[in-house]
Amino acid sequence: MTKAKNISPAQMIDSFLRRVGLGVAAVGVTYGLSALEVVLPPKEAGYVDTAQLVLSILVVLTIFPAFVKFMLARKRGVCKSAEDNSYMAQMFKEAAHHAFSATFITLIILEVVSKAIKPAMPVHFFIDIALFISLSFFAAMFFKLTGADDEEDDWEDAGE
Amino acid sequence: MSDELENRIRVFRAEHRMSQGELADAIGVSRKTISTIEVGRFIPSTVIALKLAQHFGVPVEEIFSLRNDG
């Protein structure tokens, strides 16, 4: 007989945020590929299109089930307190602050670079680069902040 | 002058024979939240501090204290 897996709302939020982090990383890579497409020859650009499609499907498959679960729990009102007191939620916000700064710096650099590049690149190339850096930076910061090892600590180890 | 928050959650867990996961479930947070508070990486909200104190049946000051480095 299998034991039903019982996950607390707090654990569910952590798991959801982890998946969102992965999803954001994948979307960031998609924008990076889109920027790359502009500079690649048409044949290679076709492969990039396929990679983008695969990544998009992965993002939907990764986030959608967790998102539905999260929204249902939120509707029942079981998530609010857990969300406010979650370490992962705090780090999510901190990663967003860092990503905002990185995006701002990137936009300033891109403004300078766009004037220097000859021949001129299409506008969407620069937007894709900015989004790639912004989202990738966010995901990297989030996993850096939340990724330190913290193995389950049993009570037997706690008194040592 | 820098103040650092110290905590005795590990000690109280040992006394109550609880794992991080059990304590997390008892006060409605995730295990990661408990483990990061224990090692001092995460400063808990007043709500979490009060919930921990309530759970262990002690005043908050017995669990959390400030270490003043001068």
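Residues numbered from 1 in each chain as written. Chains lettered and ligands numbered in written order. Predicted model: local features only at pLDDT ≥ 70, side-chain atom pairs only at ≥ 80, totals over all residues. Heavy atoms only, no water.

Engineer: Sorry, what's going on with the confidence of the model for chain A here?
Structural biologist: For chain A, mean pLDDT is 85; residues scoring 70 or higher make up 87% of the total. Confidence, expressed as mean pLDDT per element, reaches its minimum in chain A at helix α6 (residues 155-158) of chain A with 58 and its maximum at helix α5 (residues 123-146) of chain A with 94. (pLDDT = per-residue confidence, 0-100. Helix = DSSP H or I, 4+ residues; strand = E, 2+ residues; numbered from the N terminus.)

Engineer: Just to check I follow, could you spell out the pattern of salt bridges for this structure?
Structural biologist: All names here are of chain B. Throughout the structure, instances matching the rule amount to five salt bridges over all chains. With a shortest N-O distance of 3.0 Å, Arg67 and Glu4 are connected by a salt bridge. Of this pair, Arg67 sits in strand β2 (residues 64-68) while Glu4 sits in strand β1 (residues 3-7), and the two are 63 residues apart along the sequence. The partner of Glu6 in a salt bridge is Arg67, and the shortest N-O contact between them spans 3.2 Å. In this pair, Glu6 is assigned in strand β1 and Arg67 in strand β2, connecting sequence segments 61 residues apart. Of the residues examined, Glu6 reaches a relative accessible area of 31% and is grouped as partly exposed. Through salt bridges with shared partners, one network takes in Glu4, Glu6 and Arg67. (Salt bridge = Lys/Arg side-chain N within 4 Å of Asp/Glu carboxyl O. Buried < 20%, exposed > 50% of the residue type's maximum accessible area, 1.4 Å probe, protein only.)

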